[in-house]
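Each chain, written out:
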Amino acid sequence: MKRMVWSVADRRRIHVKSFVSDGHKMLWTILGNGSYFSTNSALCAKTRGIQKKRDLSEKKLTRYFVDHRTVKLVAGTGGKGACTFHSEPRKEWGGPDGGNGGDGGSIIIKVDQQVKSLSLLTPVYRGEDGERGGSKNCYGRNAATTYIRVPVGTVLKENGKTVAELTRHNQEYVAVYGGAGGKGNRFFLSNENRAPVQTSPAEEGQQRVLHLELRTMAHAGLVGFPNAGKSSLLRAISNAKPAVAAYPFTTLNPHVGVVQYQDYVQVAVADIPGIIRGAHMNRGLGVSFLRHIERCRFLLFVLDLSAPEPWVQLQDLRFELEQYQPELSRRPQAIVANKMDLPEARDNLAALRGHVTQRVIPVSALTGQNVEELILHLRWLYDGHPHAEEGGTSEG
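Scoring rules and cut-offs
All chains use their own residue numbering, which begins from 1 and follows the written sequence. It should be noted that, the model being predicted, local features are given only for residues of pLDDT at least 70 and side-chain atom pairs only at 80 or more, the latter also being counted only at that level, while totals for whole chains, interfaces and linings use all residues. Side-chain metrics rest on all non-hydrogen atoms present in the structure, leaving aside hydrogens and water. Secondary structure counts use DSSP, requiring at least four H or I residues in a row for a helix and at least two E residues in a row for a strand, with both numbered from the N terminus. We call a residue buried when its accessible area falls under 20% of the maximum for its residue type, exposed when it is over 50%, and partly exposed in between, using a 1.4 Å probe and counting protein chains only. Any two residues having at least one pair of non-hydrogen atoms within 4.5 Å are treated as being in contact. Grouping buried Ala, Val, Leu, Ile, Met, Phe, Trp, Tyr and Cys residues that are joined through side-chain atoms within 4.5 Å yields what is termed a nonpolar core. Residue-level confidence of the predictor, termed pLDDT, takes values from 0 up to 100. Stacked, edge-to-face and tilted labels apply to pairs of Phe, Tyr and Trp rings (six-membered ring for Trp) whose centres lie within 6.5 Å, assigned for plane angles under 30 degrees, over 60, and everything in between, in that order. By definition here, charges over rings are those cases where NZ of Lys or CZ of Arg is within 6 Å of the ring centre and within 35 degrees of the ring normal. We call two strands paired when DSSP finds no fewer than two bridges between them. For helices, the fitted axis covers only the stretch in contact; all axes are lines through C-alpha atoms, and the angles between them, taken along N-to-C directions, range from 0 to 180 degrees. Under this rule, positive means Lys or Arg and negative means Asp or Glu; His and the chain ends count for nothing. When a carboxyl oxygen of Asp or Glu lies within 4 Å of a side-chain nitrogen of Lys or Arg, that pair is called a salt bridge. We call two N or O atoms a polar contact when they sit within 3.5 Å, provided that within protein one can donate a hydrogen and the other can accept it, with sequence-adjacent residues counted only if both atoms are side-chain atoms. Throughout, right-handed denotes a crossover for which the path from the first strand over the helix to the second runs clockwise when the strands point away from the viewer.

Secondary-structure assignment places Glu-204 in the loop between β10 (172-176) and β11 (207-214). Glu-204 sits in the exposed class, given a relative accessible area of 65%. Glu-204 sits 130 residues away from Val-74 along the chain, and the two C-alpha atoms are 9.4 Å apart. Those residues within four positions of Glu-204 in sequence are excluded, and the remaining contacts are Thr-77 and Gly-179.

What follows is the structure, encoded as structure tokens:
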């Protein structure tokens with residue numbers, strides 16, 4: 001008698017019912033129920049929502065932002081030349097056939113606009129060595145080039161002297177060259193010496209220790225004391241989203257925003273971390289972020305008008321810049337009087353204009369008051385000083 005057994009899953013109750021069929025009488029009998037589990041079932045699968053990437057806090061961002069790094073670069077050594085002779089039946093005098101070794105790999109520093117920090121750099125980079133030569137006149141393979149990707153605006157220094165400034169995307173700088181490969185005995189074959197056995201040694205790669213500094217590349221730099229409202233002002237005039245809060249704190253790493261105009265002109269504005277008195281003596285964040293101001297074409301001094309005597313802030317900021325680098329404070333500039341939404345700011349604005357001769361632009365980054373005037377003046381500075389160098393003097 002032929003019997004057939006089927007196991008059918010009841011999807012509603014998640015059970016298995018076994019049926020037995022007799023081949024002659026076609027009688028169906030339920031043998032029993034059993035537990036059933038399936039990982040492919042939609043009923044058993046766990047519903048997972050789309051995981052949204054969380055924004056990093058200002059404190060965590062500092063762990064990934066590194067603006068200076070010292071690296072040791074060691075290029076690859078060339079491959080050795082081979083000393084072999086041709087061996088083949090019925091060829092007694094085959095002659096030398098040792099090939100040359102391959103060249104060692106060089107190390108090139110390349111600019112990548114997708115890289116924003118020097119945090120991924122390692123202390124030591126070693127290039128690949130060239131492959132040694134072989135018999136039958138086989139040359140060794142040249143080693144591949146090692147690329148180190150750095151952000152735009154990286155400055156390379158050696159023993160305190162600047163050796164290169166990388167300011168364009170895909171710009172390359174050959175830091176160290178790989179050693180040349182050695183010559184095989186085939187290279188020394190001549191009419192006078194038909195069976196040379198000498199080979200030339202391979203050269204070692206170059207070694208250098210470079211100090212890399214990242215200087216923010218922007219047209220304008222926001223300079224001010226902590227809690228002056230620089231980050232809020234950058235959010236008001238551009239699409240950048242630096243961290244802001246209702247309590248006093250200072251930005252720990254630079255942010256760059258882009259101001260877009262109707263004629264498709266883009267002006268980059270950098271939010272430099274807050275400077276304190278004595279920054280040129282490395283107090284607070286110190287000179288570690290003052291170097292970013294060197295790469296800005298013109299400066300925007302952001303003053304907190306809610307504080308008494310705001311003109312003193314301007315004098316202190318200029319003094320710190322002057323002590324860090326002569327004539328840095330006399331670059332093309334403008335004075336931005338922030339926090340005009342506070343009641344005490346109106347009286348301080350009149351007093352500020354009485355102590356300075358330059359143009360003062362009152363704004364409120366919180367409410368957006370008079371931000372249009374700042375954007376138009378920023379464009380005037382951009383058009384009026386296309387290639388302003390250090391030491392340029394201008395009044396906003």
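Moving on from the model shown.
Formed by 27 residues in total, the largest nonpolar core has its most connected members in Val-223, Ile-293, Leu-321 and Leu-352. Secondary-structure elements contributing two or more residues to this core are β12 (218-223), β14 (266-271), β15 (296-304), α4 (310-324), β16 (333-338) and α5 (345-355). Residues contacting Leu-321, with those up to four places away along its chain left out, are Val-223, Ile-275, Leu-290, Ile-293, Leu-299, Phe-301, Leu-328 and Ser-329.

Across the chain, the average pLDDT comes to 79, with 74% of residues at or above 70. Overall, residues 23-38 carries pLDDT values under 50, and its contacts beyond four positions in sequence, including any with other chains, amount to 32 contacts. Low confidence marks residues 388-396, where pLDDT is under 50. Its contacts with residues over four positions away, or in another chain, come to 24 contacts.

This paragraph deals with the packing of aromatic side chains. Note on aromatic pairs: each is described by the distance of the centres and the angle between the planes. If you walk through the whole model with that rule in mind, you get 1 aromatic pair. With 5.3 Å between their ring centres and 90 degrees between their planes, Phe-187 and Phe-188 make a pair best called edge-to-face. For Phe-188, a relative accessible area of 25% corresponds to the partly exposed category. The residue whose ring lies beneath Lys-110 is Tyr-147, and the NZ or CZ to ring-centre distance is 5.7 Å. It is Arg-318 that lies over the ring of Phe-301; its NZ or CZ is 5.8 Å from the centre.

Attention now goes to the sheet that holds strand β6 (residues 124-126). The 5 strands lie next to each other as β6-β4-β11-β8-β9, forming an open sheet whose pairing is mixed. With one partner strand each, in any of the chains shown, β6 and β9 (161-166) form the two edges of the open sheet. Sheet twist, expressed as the mean angle between neighbouring strand axes with direction ignored, is 30 degrees. Bridge analysis of strand β8 (residues 154-158) against β11 gives 4 bridges, and the strand direction is antiparallel. Its bridge partner being in β11, Val-155 is matched across the sheet by Glu-213.

With respect to the secondary-structure elements, Asp-112 resides in the loop between β5 (107-111) and β6. An unpaired buried charge is present at Asp-112: no salt bridge exists, and Arg-149, the closest side chain of opposite charge, is 4.4 Å distant. At 3.1 Å, the side chain of Asp-112 forms a polar contact with the backbone nitrogen of Gln-114. Asp-112 has contacts with Arg-149, Val-150, Pro-151, Val-152 and His-169, leaving out every residue within four places of it along the chain.

Moving on: the sheet that holds β5. An order of β7-β5-β10 is seen for the 3 strands of this open sheet, with the pairing classed as mixed. One side of each edge strand has no neighbouring strand; the edge strands of this open sheet are β7 (146-150) and β10. Neighbour to neighbour, the strand axes of the sheet diverge by 30 degrees on average, direction disregarded. Relative to β7, β5 runs parallel, the two being bridged by 5 bridges. The residue of β7 that forms the bridge with Ile-107 is Thr-146.

Our next topic: the pattern of salt bridges. What the rule picks out here adds up to 8 salt bridges. Residue Arg-379 is joined to Asp-383 by a salt bridge in which the shortest nitrogen-to-oxygen separation is 2.9 Å. A residue pair is termed a helical-turn pair when its members lie 3 or 4 positions apart in one helix, as Arg-379 and Asp-383 do in helix α6 (residues 371-384) at 4 residues. The exposure class assigned to Arg-379 is buried, which follows from its relative accessible area of 17%. Judged by relative accessible area, Asp-383 falls into the partly exposed class, the value being 45%.

What follows deals with unusual backbone geometry. Residues other than glycine predominantly adopt negative phi, and peptide bonds predominantly adopt the trans conformation. Backbone geometry at Tyr-264 places phi at a positive 70 degrees, although glycine is not the residue there. For Tyr-264, the position within the fold is in the loop between β13 (255-260) and β14. At Asn-370, a position not held by glycine, the phi torsion is positive, near 60 degrees. Its location among the elements puts Asn-370 in the loop between β17 (360-362) and α6. On the accessibility criterion, Asn-370 (25% relative accessible area) is partly exposed.

It is worth spelling out the pairing of β15 at this point. Counting buried positions along β15 yields 9 of 9 residues, so the element is predominantly enclosed. Two elements, β12 and β15, share 5 bridges in a ladder whose sense is parallel. By the bridge assignment, Val-223 is partnered in β15 with Phe-301. In this sheet, β16 lies alongside β15 in parallel orientation, the contact comprising 6 bridges. In the sheet register, Leu-299 faces β16, and the bridge partner there is Gln-333. Following the chain from β15 across α4 to the adjacent parallel β16, one finds a crossover that is right-handed.

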